Amino acid sequence: MRKFLALIVTPLVMLAGCGGSGTSSGPPPPPPPPPVTQVIAPPGPPNVESIVVDAGPTGLNTPAVNTAFTTVTVCMPDGKFDNCQNVDHIEVDTGSVGLRIIAGATTVDAMGNPIPGVTFNLPLPAVADPSNPSNALAECIQFADGFSWGSVNTADIKMPVSQKTATGVIVQVIGATSAGNPAKANPTCVPLPGSPVTAGLCQGIENTVPCFGANGILGVGGFINDCQSTGPCAVPNPATICNSSNVCVPANATAYFTCTSAAACTQVGNQVTPQLQLPNPAVRFANDNTGVIVELPPVGANGAAAPFKGSLVFGIKTESNNDLGSATQLTAGALTGYISATLDGATYSASYLDSGSNGDFFPTTSIPNCPGADAGFLCPQAGTTVSKSAVLQGTNGMTLAADFTIVNAESLFAGSNVAFNNLAGSNYVAPPWPNNVNPNNTLDLGLPFFYGRNVFLGFENVQTGAAPYFAY
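Small disclaimer: the values here were computed from a predicted structure and weren't measured.

(A) Local environment of the overall build of the protein chain. Along the backbone of the protein chain there are three helices and 28 strands. If one aligns the C-alpha atoms of the protein chain with their principal axes, the spans along those axes are about 60 × 55 × 45 Å. Per-residue burial over the protein chain gives 56% buried out of 472 residues. Considering only residue pairs separated by 6 or more positions, the protein chain has 72% of its internal contacts joining residues 24 or more positions apart. Split by element, the accessible area of the protein chain, about 18,000 Å² in all, is 56% carbon and sulfur. Computing the positive centroid from 12 side-chain charges and the negative centroid from 26, the protein chain places the two 2 Å apart.

Written out as structure tokens, the structure is:
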């Protein structure tokens, strides 16, 4: 199954913790924005990185679609930037926070060519549990399609095209042998038996490149850290979600563990202060650290072939190439990162724009799902196009129209193109729901919505109290 990342990871979000959706007439539709000629900043210093949409790294079970990749240079944390490895096909994700690299990912030279026989293997120092320095920290991260587990380490990082750097960055190495077996952690970091994600080839366990769908992920979401920006990573109450066999997983999407050995890891929280949590790497840059802009050209109705290139711009209102211009700002929830969306008469209060989702996802049961390996995507009758018109609203009261289209996903996948602006899926969850909370409350506008428009994501600012925001 083609990977989709449809969970925004914010300080207080739990995997099953969404409010119920209801019907509402909503605000009147905003007028369509005036035509804007898209300007894509050329990659290069001081603040523009290259991104590409292609079929992904070698070794995938199925080719990637609608996945924006970049390259990150990962170095030993000594400030010298001379003991490094370049890891390509790192997914650019505005819906999560933190740099995560897959252990054993392929590495490339300065020209982007794979280095035969050399995989990511830097001996990055582990982050110790401050309550017991002989213990090392590990982390469990839950995406909408599975769980990833790995060690917590320190690195220096560099963006090779823009030349942006940050030192002493906490990162996660997914699948690191030092973190041990995620099934033996307490609670476990594998999906509960019988959950929807276990039906796929990888059974929802995404600790390798083929199962993760990328060599890693660059999470540049709206928050400073991946758990709690202003305090320790508190364990929620209840701390776990368990099945009838008393097999449990963390209740929160981001969970830290202390490990006495590779086989003995227990969830912790209060000692994992912001300084020990995975940060948004872009926040750690010396400048151009106020947000990011994802800039991708438009694609046609039949998609576009690889390599489909664009730009990732660091900073908002810091350089001549990253001004908001005529874009409308939608302020998100200060604790959730969510905006509201009205679609088909229903209001979805846990909505967002996410470059890490390879389709537009909403809780529909009226459009047929695709069969077999493409289940999760939508397959309206071949040759037809379903048009949808949503209205997005920020907590600041501003609104924007968000129109998107849906065609048969199997028809799209039958060709060799990799970039599609009309790929969608259903994130509907049938009851019963965990904790009696209705999760069908999200419109997730993924990478298809990014084509042909520059999408801004402004970071929170804990000093001023400013919340994250989306704009286009």
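(B) Broad picture of the nonpolar core. Among the nonpolar cores identified, the biggest contains 81 residues, and Val53, Phe120, Leu124, Leu353, Leu392 and Leu443 are the most heavily contacted of them. Setting aside residues up to four positions removed in sequence, Val53 forms contacts with Asn66, Thr67, Ala68, Leu296, Ala306, Pro307, Phe308, Val418, Ala419, Leu447 and Tyr451. Phe147, Leu192, Val249 and Cys265 belong to the second largest nonpolar core, which has 15 residues in total.

(C) Quick look at unusual backbone geometry. Each neighbour pair has its own omega, and for Asn186 with Pro187 the value is 0°, a cis peptide bond. As for its position among the elements, Pro187 is in the loop between strand S11 (165-174) and helix H1 (209-212). Between Ala306 and Pro307 the backbone carries a cis peptide bond, its omega angle lying at -5°. Here Pro307 shows up in the loop between strand S17 (291-295) and strand S18 (308-314). With phi around 55°, His89 is a residue other than glycine that occupies positive phi space. You can see His89 is positioned in strand S4 (residues 84-93). One non-glycine residue, Asn246, adopts positive backbone phi at about 65°. With respect to the secondary-structure elements, Asn246 resides in the loop between strand S13 (240-242) and strand S14 (248-250).

(D) The arrangement of the state of the cysteines in detail. Scanning the entire structure with this criterion turns up seven disulfides. Two residues, Cys140 and Cys189, share a disulfide whose sulfurs are 2.2 Å apart. As the torsion about the S-S bond is roughly 85°, the Cys140-Cys189 disulfide counts as right-handed. With a gap of 49 residues between them, Cys140 in strand S9 (residues 132-143) and Cys189 in the loop between S11 and H1 connect regions that are remote in the sequence. At a sulfur-sulfur separation of 2.0 Å, the disulfide partner of Cys242 is Cys248. Measuring the twist about the S-S bond at about 105°, one finds the Cys242-Cys248 disulfide to be right-handed. A residue is classified by how much of its surface remains accessible, and Cys242, at 35% relative accessible area, is partly exposed.

(E) Just the environment of Val87, in detail. In this fold, Val87 is placed in strand S4. Linking Val87 and Thr73, residues 14 residues apart in sequence, is a C-alpha distance of 6.2 Å. In this view, Val87 contacts Thr70, Thr71, Val72, Ile101, Ala105, Thr106, Phe120 and Asn215; residues no more than four positions away in its chain are not counted.

(F) Region of interest: the side chain of Gln267. Tracing the backbone through its elements, the reader meets Gln267 in strand S16 (residues 264-268). Here Asn252 takes part through its side chain, which lies 3.4 Å from a polar atom of the side chain of Gln267. Not counting chain neighbours up to four residues away, the residues in contact with Gln267 comprise Asn186, Pro187, Val235, Ala239, Pro250, Asn252, Ala255, Tyr256 and Phe257.

(G) Geometry of the packing of aromatic side chains. What the rule picks out here adds up to nine aromatic pairs. Their ring planes at 80° and their centres at 5.0 Å tell us that Trp149 and Phe257 sit as a pair that is edge-to-face. On the criterion of sequence distance, the pair formed by Trp149 in strand S10 (residues 146-158) and Phe257 in strand S15 (residues 254-261) is long-range, its members being 108 residues apart. We note that Trp149, like Phe257, is buried. Ring centres of Phe449 and Tyr472 lie 5.3 Å apart, and the angle between their planes is 80°; this geometry places the pair in the edge-to-face category. Of this pair, Phe449 sits in helix H3 (residues 447-450) while Tyr472 sits in the segment after strand S28 (469-471), and the two are 23 residues apart along the sequence. Accessibility expressed as a relative area gives 2% for Phe449, which makes it buried.

(H) Inspection of the pattern of salt bridges at higher detail. For the structure on display, the rule yields four salt bridges. Between Arg100 and Glu139 there is a salt bridge; the shortest N-O distance is 2.9 Å. With Arg100 in strand S5 (residues 97-102) and Glu139 in strand S9, the pair connects residues that are 39 residues apart, well separated along the chain. Residue classification places Arg100 among the buried positions, given a relative accessible area of 0%. With its nearest N and O atoms 2.6 Å apart, the salt bridge here joins Asp288 to Lys164. With Asp288 in the loop between S16 and S17 and Lys164 in the loop between S10 and S11, the pair connects residues that are 124 residues apart, well separated along the chain. Residue class for Asp288 comes out buried when judged on its relative accessible area of 3%.

(I) Representation of the pairing of S4. The buried fraction of S4 is high, at nine of ten residues. Note: strand S3 (residues 68-75) against S4, six bridges, orientation antiparallel. What sits directly across from Val72, in S4, is Val87. Strand direction decides the pairing type here: S4 and strand S12 (residues 216-220), joined by four bridges, are parallel.

(J) Structural detail: the pairing of S17. Counted residue by residue, S17 has five buried out of five residues, so it is predominantly covered. The alternating pattern of S17 places Gly291, Ile293 and Glu295 on one face and Val292 and Val294 on the opposite face, and all of these are buried. Pairing of S17 with strand S27 (residues 454-458) involves five bridges; the strand directions are antiparallel. Across the sheet, Ile293 pairs through a bridge with Phe456, a residue of S27. The pairing of S17 with S18 spans four bridges and is antiparallel. Paired with Val292 across the strands is Phe314, a residue of S18.

Cut-offs and rules
Residues numbered from 1 in each chain as written. Predicted model: local features only at pLDDT ≥ 70, side-chain atom pairs only at ≥ 80, totals over all residues. Heavy atoms only, no water. Helix = DSSP H or I, 4+ residues; strand = E, 2+ residues; numbered from the N terminus. Buried < 20%, exposed > 50% of the residue type's maximum accessible area, 1.4 Å probe, protein only. Contact = heavy atoms within 4.5 Å. Areas by Shrake-Rupley, 256 points an atom, 1.4 Å probe, with all protein chains shown as cover. Lys, Arg positive; Asp, Glu negative; His and termini not counted. Charge placed at Lys NZ, Arg CZ, Asp CG, Glu CD. Core = buried A, V, L, I, M, F, W, Y, C linked by side-chain atoms within 4.5 Å. Disulfide = S-S within 2.5 Å. Polar contact = N/O pair within 3.5 Å; in protein donor to acceptor, adjacent residues only side chain to side chain. Phe/Tyr/Trp six-rings, centres within 6.5 Å; stacked < 30°, edge-to-face > 60°. Salt bridge = Lys/Arg side-chain N within 4 Å of Asp/Glu carboxyl O. Pairing = 2+ DSSP bridges.

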